[in-house]
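Here are the chains, one letter per residue:
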Amino acid sequence: MLNLIFEVMMKLSFLIFLLCILISLKNQNAETKKCSSSFPIAINWSPSSRDLCPSVLLSVEDEQEFHSRRSLEYDFYRDSCPQAEKIVRDLVWDIYRVRSSVAPALLRLAFHDCFVEGCDASILLDTAGGLKSEKESTPNLNLKGFDIIDIIKSHLEEVCPGVVSCADIVVLAAREGVVQTGGPFYPVFTGRRDATHSFPDKATSELPSPQAHLPETLASFASKGFDERETVSLLGGHSIGMIHCKFFRNRLYNFNGTDKPDPSIDTQFLNLLRIICNSSTSASLPLSPSTLSASFDCSKLSSKASSSSSCKGSPSSSSEKPRRGAISVPSLQLQSLKLSSLEDPGINLAYEGHGVDFGGVYYRSLLHGRGILVSDQQLMSGEETAKWVSTYASDAALFRQDFARAMVKLSNLHVLTGSDGQVRLNCSKVV
């Protein structure tokens, strides 16, 4: 009798054990489905889409990094302002139709904000009273995109007054800019609060210099927790936008006081840069390689690069059609954006239009000695960094995955959440 009871109990225990396993597997599957359904499908995302789900599909290290950011959440405004991210997305795309430089401007703005005391919108504050603005620090004097953030903020204040932080707007808008230019979609966790102080001195001392040599660049990124691989992938953000002649003119004639050009520059490319920066037309309109194609054989970059719009000319943004349901920017605001879009002389090497090889031309250019900035070309001077330049030049999917992962990490640096900071009603002024 006792043996029979013992057998029954053993069988019952085993059944309970199996039931627990089944319930656990079912819950895990449900969480995975829930998570994957919460994230929009990436635009031109790499095959490794596991990065889209932080709580289930990221690595253990990534998950710990995410949870260490306290109360940031994906879709933080789902109850308080459910249209927040759509409003940001629609406005950025609407502005893009009249000002194609919006993408690099927003990406650079986010980088300069997050790199100094974290993503807290301190970069947006104007000088007032005893507060000195980060905008006045030397590395930030040429930043653009402040007007775009103001437009987005004003629309959000009409829909959800006092709810969406300027810090969240900056990182969300930057993500949309990346997607516009064919870069990867990546999840932006929200719930940031805005800083009540700015940090101009730290902006001057901590932001990486475009003239920096490799050890200095690596030390700068390492101070924020980025290793060499992450540093090379983040610098791939230089694959979009305008680089002005004043940032590299010394490389063309008097590099490091030698009265000679930087020996690391490809000779043919050096001639192109000299023509662009000395052109009489460059004073009023930025030049791209397509305007001087007779001086530079784009096909030497790669067969793919030679067919891109960086050699043929950028597509006209006027051909973009408004999307159904998109929020329109008032015509007066659009006109002011058009008027402010002219920039100083420079070269637009990497902007190739939506969906075209984000990052590829940048890395292939470095392999051929055609990097524009000293800090970019210096990536080829280190064994580890040169290895990643070569890898990304040949493996676009890996670059997109690494860039997305690094942007998530950058966007989560030292954020203010909960009761810290504030939600500004005007992004340039402390409440």
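About the thresholds
Residues numbered from 1 in each chain as written. Predicted model: local features only at pLDDT ≥ 70, side-chain atom pairs only at ≥ 80, totals over all residues. Heavy atoms only, no water. Helix = DSSP H or I, 4+ residues; strand = E, 2+ residues; numbered from the N terminus. Polar contact = N/O pair within 3.5 Å; in protein donor to acceptor, adjacent residues only side chain to side chain. Axes fitted to C-alpha atoms, helices over the stretch in contact; angles between N-to-C directions. Parallel < 35°, antiparallel > 145°, perpendicular 65-115°, else oblique. Left-handed = near helix turned anticlockwise from the far one by under 90°. Contact = heavy atoms within 4.5 Å. Nonpolar A, V, L, I, M, F, W, Y, C, P; charged D, E, K, R; others polar. Disulfide = S-S within 2.5 Å. Buried < 20%, exposed > 50% of the residue type's maximum accessible area, 1.4 Å probe, protein only. Phe/Tyr/Trp six-rings, centres within 6.5 Å; stacked < 30°, edge-to-face > 60°. Arc of directions from axis to C-beta. Core = buried A, V, L, I, M, F, W, Y, C linked by side-chain atoms within 4.5 Å. Expected span 1.5 Å × (residues − 1).

**Student:** In this structure, what is going on with the environment of S154? I would like to understand it.
**Tutor:** You can see S154 is positioned in helix α5 (residues 146-159). Sequence separation between S154 and L425 is 271 residues, and the spatial gap between their C-alpha atoms is 8.7 Å. At a separation of 2.7 Å, a polar atom in the side chain of S154 contacts the main-chain carbonyl oxygen of I151.

**Student:** Quick question: what am I supposed to make of the packing of helix α3 (residues 84-96) against helix α6 (residues 166-180) here?
**Tutor:** Helix packing geometry: the angle between the two helix axes and the distance between the axes. Direction vectors running N to C along α3 and α6 enclose 50°, while the axes themselves pass 9 Å from each other. It follows from the interaxial angle that α3 and α6 lie oblique. At the point where α3 passes α6, the crossing takes the right-handed sense. Each of E85, V88, R89, V92, W93 and Y96 in α3 lies in contact with α6, whose residues at this interface are L172, A173, R175, E176, G177, V179 and Q180. Here the residues of the contact of α3 with α6 are counted per class, giving seven nonpolar, two polar and four charged.

**Student:** Would you explain the state of the cysteines in this entry?
**Tutor:** Here a disulfide denotes one covalent bond, and it connects the sulfur atoms of two cysteines. Inspection of the entire model under this criterion finds four disulfides. One disulfide bridge connects C81 with C160, the sulfur atoms lying 2.1 Å from each other. Residues C81 and C160 are joined through a disulfide that is right-handed, its torsion about the S-S bond being 80°. Of this pair, C81 sits in the loop between β1 (73-74) and α3 while C160 is found in the loop between α5 and α6, placing the two residues 79 residues apart along the sequence. Here C81 and C160 have matching classes, each one buried. At a sulfur-sulfur separation of 2.1 Å, the disulfide partner of C245 is C277. One quick way to see it: the torsion about the S-S bond of C245 and C277 is about -95°, and its sign makes the bridge left-handed. Linking C245 in the loop between β3 (243-244) and α10 (249-253) with C277 in helix α11 (residues 267-278), this pair joins segments that are 32 residues apart in sequence.

**Student:** Just to check I follow, could you spell out the packing of aromatic side chains for this structure?
**Tutor:** Two numbers describe a pair of aromatic rings. These are the distance of the centres and the angle of the planes. Enumeration over the complete set of coordinates arrives at 15 aromatic pairs. Between Y363 and Y392, the aromatic rings sit 5.3 Å apart at their centres with planes inclined by 55°, giving tilted as the arrangement. Of this pair, Y363 sits in helix α15 (residues 360-367) while Y392 is found in helix α17 (residues 383-394), placing the two residues 29 residues apart along the sequence. With a centroid separation of 5.1 Å and an interplanar angle of 70°, the aromatic rings of Y363 and F399 are classed as edge-to-face.

**Student:** Would you mind going over helix α8 (residues 214-222) with me for this structure?
**Tutor:** Along an α-helix, a turn takes 3.6 residues, which lines up residues three or four apart on a common side. Among all positions in α8, only L214, T217, L218, S220 and F221 are buried. The buried residues of α8 occupy an angular sector of 160° when the element is viewed end-on, so they sit on one face. At its buried positions, α8 is contacted by α4 (102-114), α7 (200-206), α9 (228-234), α16 (374-377) and α17.

**Student:** So what exactly am I meant to see when it comes to the nonpolar core here?
**Tutor:** In a soluble, globular protein the nonpolar side chains are often hidden away together inside. Among the nonpolar cores identified, the biggest contains 79 residues, and L124, I149, I152, L156, Y363, L379 and L410 are the most heavily contacted of them. Looking at which element gives the most residues to this core, the answer is α6, with 10 residues. When near neighbours in sequence (up to four residues on either side) are disregarded, L410 contacts F111, C114, F115, C119 and F226. Membership of the second largest hydrophobic core comes to 14 residues, among which are C245, L252, F269 and L373.

**Student:** Looking at this structure, I do not really get α17. What am I missing?
**Tutor:** If you check α17, its first and last C-alpha atoms are 17 Å apart, about what 12 residues at 1.5 Å a residue would give, namely 16 Å. Those residues of α17 not exposed but buried are T385, A386, W388, V389, Y392 and A393. Angular distribution of buried residues about the axis of α17 spans 160°; they occupy a single face of the element. Exposed and facing more than 90 degrees away from the buried side of α17 are E383 and S394. Check the buried side of α17 and you find it contacts α8, α9, α15 and α18 (396-411).

**Student:** Looking at this structure, how should I read unusual backbone geometry?
**Tutor:** Excluding glycine, most residues fall at negative phi; most peptide bonds, likewise, are trans. Phi angles above zero are rare outside glycine, and D75 is one such case at about 60°. Mapped onto the fold, D75 is located in the loop between β1 and α3. Residues other than glycine seldom take positive phi values, yet D259 does so here, at roughly 60°. In this structure, D259 sits in the loop between α10 and α11.

**Student:** Sorry if this is basic, but what is going on with the packing of α4 against α5 here?
**Tutor:** Remark: α4 packs on α5, axes separated minimally by 9 Å, with the N-to-C direction vectors making an angle of 90°. As judged from the angle between their axes, α4 and α5 are roughly perpendicular. Contacts between α4 and α5 involve V102, L106 and L109 from the first element and F146, I148 and I149 from the second. For the contact of α4 with α5, the residue count by class is six nonpolar, no polar and no charged.

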